[in-house]
Amino acid sequence: MQENIGKQIVSSIKKCGRGSIFFPSSFTAYGDIKSVSKSLERLTNDSFIIRLSNGIYLYPKIDKELGLGVLYHLWKTLPCR
């Protein structure tokens, strides 16, 4: 069941696109908040997403052209819905 929740969360994050921020409450349709938080923790440990603060996550944009790595354009970023 946990794996299924993780796959659903990854799919939802990818639909929002890189540069999107989101919260555990964004994914409560896939399971209870504890399961969602654990899945987000695993995705953070796998470097798929970045934890900006407690309960705030980023699916980062990555600059490959100049080799700058992760781009933090948070002033332009809106939460994914």
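Residues numbered from 1 in each chain as written. Predicted model: local features only at pLDDT ≥ 70, side-chain atom pairs only at ≥ 80, totals over all residues. Heavy atoms only, no water.

1. Details of the overall build of the chain
Selection rule: The numbering of helices and of strands both runs from the N terminus, where a helix is a DSSP run of H or I of at least 4 residues and a strand a run of E of at least 2. Only protein chains enter the calculation, and the probe is 1.4 Å; a residue is then buried if its accessible area is under 20% of its type maximum, exposed if over 50%, and partly exposed in between. The contact criterion used throughout is that any non-hydrogen atoms of two residues lie within 4.5 Å. Each accessible area is a Shrake-Rupley estimate made with a 1.4 Å probe; only the visible protein chains count as cover when residues are assessed.
What the chain contains, in helices and strands, is 2 helices and 5 strands. Evaluated residue by residue, the chain yields a buried proportion of 35% over its 81 residues. Of the contacts formed within the chain by residues at least 6 apart in sequence, a portion of 55% connects residues at least 24 apart. Here the chain has roughly 5,500 Å² of accessible surface; of this, 52% comes from carbon and sulfur atoms.

2. Points about the packing of aromatic side chains
This is how it is decided: Aromatic pairing here means that ring centres of Phe, Tyr or Trp (its six-membered ring) are within 6.5 Å. Orientation follows from the plane angle: under 30 degrees is stacked, over 60 is edge-to-face, and everything else is tilted.
The full count for this structure, using the stated rule, is 4 aromatic pairs. Both rings, one in F22 and one in Y57, keep their centres 6.3 Å apart while their planes meet at 15°; by these two values the pair is stacked. Of this pair, F22 sits in strand β1 (residues 20-22) while Y57 sits in strand β3 (residues 56-59), and the two are 35 residues apart along the sequence. Of the residues examined, F22 reaches a relative accessible area of 2% and is grouped as buried. Residue classification places Y57 among the buried positions, given a relative accessible area of 8%. What links up through ring pairs into an aromatic cluster is the set F22, F27, Y30 and Y57.

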